[in-house]
Every structure is written in structure tokens, then in C-alpha cells.
Amino acid sequence: MYLYPLLVVIAASSFGIVSTIIKLAMRSGFSVSEAVTSQFFIGFCIAVCISLVTNRSNFSFKGVKILLFAGMLTGLTNILYGHSLNFLPASLAVVLLFQFTWIGMLISCITRRQFPSRIECISLIILVAGTIPAAGIIDVDLSQIPFQGWLWGLAAALCYSLFLYVNGKTTASMTTSNRLVLVSFFAFMTTAAFQSPEIIWNGTLFNEGLWIYGLALGLFGMIIPVFLFTIAVPKVGLGMSSILSAVELPIAVMVSVILLSETVTTLQIAGIVTIVIGISLPTLLDKDGLLKNVKAKYRKSDKVAKGSSI
């Protein structure tokens, strides 16, 4: 009952570390575009190595269309979020990205054709209430924010929500390592089309030390979250996964305080505590519903596995 929600939390926490690593790369003289490109290139290389070591079956391309969209959405989320930072303060960009919580719930309601539970609605309200103070947006002057900044930020949130939805789709006859290779490949190709692919051959990646940040970004921003989301989202469900993924913001704030020596206010701490409460509520108060959902997903996956084996 708690294992799969925990995997979602770990995956989202890995995403929360990415922004701090990118800031460290920028302090070393690299651009955001270079850091993001290194993230997906090295992430793809790691995925290939994992597949070669762990996968003893033939490489399958069944369900490749789903993984194409999952990879493209992963790359687009980073690209759009980077564009939003050109127009928005970092705190406001984070708040807009975290609109994926209610967008994901909306997508879940549409696809399942049912309304969210009362506990999920209460949890979303608490999350929204905690996100604004946690991101330190209280003192930001919103009157000077250009309209395109809002659009880029919300588009990133939409892509992230769709990534969670698409990545949660099961693909018969394909191992998790195969999925990881294809998702990371399509994510890298999407990123390379809009970012800085020249770092691979001009010496920036390996000769100037960018690979160190790329390795960390590839692990925490690609391999760990995609791998764990692939396992856990089908069991937990998109709506619950969107709520649990809100842990990304508290992790991002805490890691920036530790590694970047950034200051955190009492108001931000209160916001973080509020988010943690909002994340915990559905799991703690709806144990029977969560257990029922996990069992139903198990039965469905077992049927798919038996059908594919036949």
C-alpha cells in the first residue's frame, strides 16, 4: 500500500534536485541550455548501459508510440520551463510549473470519467495554499510580468502532467529498461533540436567538465524518475501521483539551502510544512481506497501479462 506511493515521492524528489544542479553548472560557467542538453545525452547513455547489462530478452518496439510521446514531453517540459525563466522570476516559474498538480488531477478525471474524491480535493487546496509561500512568491510584483511568461510556465506544467499520464501507460512485451532507453532517446532528440547539441562534439561536454553535471542531471533528472514513475504511476494512478509529486518543491528548496547556501524564510518553512501535510493526507486518510486501487491495478496488469505471454 505504501511502496508505490513512496516510489512516486522518490521520483519527484529526484526532479527536485535538478534545479540546484543546473544552478551549480551555471556557477561553473555553463548555460542552462548546455546543462539541459548534457542531462538528456548522458541520461540516454546511462539508459543504454542499464539495458545492455540487465536486459536478456530481445529489444521490443511494441508500444513505441507511447514512449515517443513520453520522451518528447520530458524534453519539452525542460525546454518550456527554461523559456519561462527568461520572462519570470524563478519563484513564480516554480509556482506555475507546480500547477501540474491540479492539471494532472483534471486529466485523470477526464480519462477515468469520474470526479476526484473529497480527500483529493482537500489535498489539492492545501497544496496550492502551501506552494505560494514555499516558493517565496509573496513579495513578487506580478504587474510587470509579461504575458508570454505565464504561457511558457503553464505550458511546462501541462507537458509535465501529460508526461505523468503517458509514462503511466503500460506497454506489453517491453521491459522497463527498454522503456527507459526509448524514452531517454526521444527526450534527447527533442532537446537536441532546440538546445545545444554542439556540446557533444566541440569539447564542452568532456573537455571542460560539463559531464560531471550532466551525469548528476542524467541520474536525478532522467533515469531515476522515469524508471520509478514507470513502475509506480500505473499502480497509484495519475491523480494521486500528481499530488504526491508536489514533494518536488520542498526538496528543491531544501537542497538549494544545503548546496547553494540560499536563505529560507519562516514563511517558506510554513509553506513547505503545508505541502507535506497536503501530500500526506490522501495516503493517511484513504488507506482503504489506495489499497483497493493498487489491487485493481495489479489484477489489470496480471491480465495484460497473461495475455501477452499467451
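Residues numbered from 1 in each chain as written. Predicted model: local features only at pLDDT ≥ 70, side-chain atom pairs only at ≥ 80, totals over all residues. Heavy atoms only, no water.

## Let's talk about the overall build of the protein
Within the protein one finds 14 helices and 0 strands. Its helices and strands taken in sequence order, the protein reads α-α-α-α-α-α-α-α-α-α-α-α-α-α from the N to the C terminus. Taking all 310 residues of the protein together, the buried fraction comes to 51%. Sequence separation of at least 24 residues holds for 89% of the intrachain contacts in the protein that already meet a minimum separation of 6. On the protein, roughly 14700 Å² of surface is accessible, and the fraction owed to carbon and sulfur atoms is 68%. (Helix = DSSP H or I, 4+ residues; strand = E, 2+ residues; numbered from the N terminus. Buried < 20%, exposed > 50% of the residue type's maximum accessible area, 1.4 Å probe, protein only. Contact = heavy atoms within 4.5 Å. Areas by Shrake-Rupley, 256 points an atom, 1.4 Å probe, with all protein chains shown as cover.)

## Re the packing of helix 3 (residues 64-84) against helix 7 (residues 147-167)
Running from amino to carboxyl end, helix 3 crosses helix 7 at an angle of 155°, the nearest separation of the two axes being 8 Å. By the angle between their axes, helix 3 is roughly antiparallel relative to helix 7. Read as a crossing pair, helix 3 and helix 7 show a hand that is left-handed. Between helix 3 and helix 7, the residues in contact are Ile66, Phe69, Ala70, Leu73, Thr74, Leu76, Thr77, Leu80, Tyr81, His83 and Ser84 and Gly149, Trp152, Gly153, Ala155, Ala156, Cys159, Tyr160, Leu162, Phe163, Val166 and Asn167, respectively. Its residues placed into classes, the contact of helix 3 with helix 7 shows 15 nonpolar, 7 polar and no charged. (Axes fitted to C-alpha atoms, helices over the stretch in contact; angles between N-to-C directions. Parallel < 35°, antiparallel > 145°, perpendicular 65-115°, else oblique. Left-handed = near helix turned anticlockwise from the far one by under 90°. Nonpolar A, V, L, I, M, F, W, Y, C, P; charged D, E, K, R; others polar.)

## What about the environment of Ala47?
Its location among the elements puts Ala47 in helix 2 (residues 32-54). Between the C-alpha atoms of Ala47 and Asn178, which are 131 residues apart in sequence, the distance is 8.4 Å. Setting aside anything within four residues of it in sequence, one finds Ala47 in contact with Leu180, Val181, Ser184 and Ile223.

## Here's the deal with the side chain of Ser14
Among the secondary structure elements, Ser14 is positioned in helix 1 (residues 3-27). Classification of Ser14 as buried rests on a relative accessible area of 5%.

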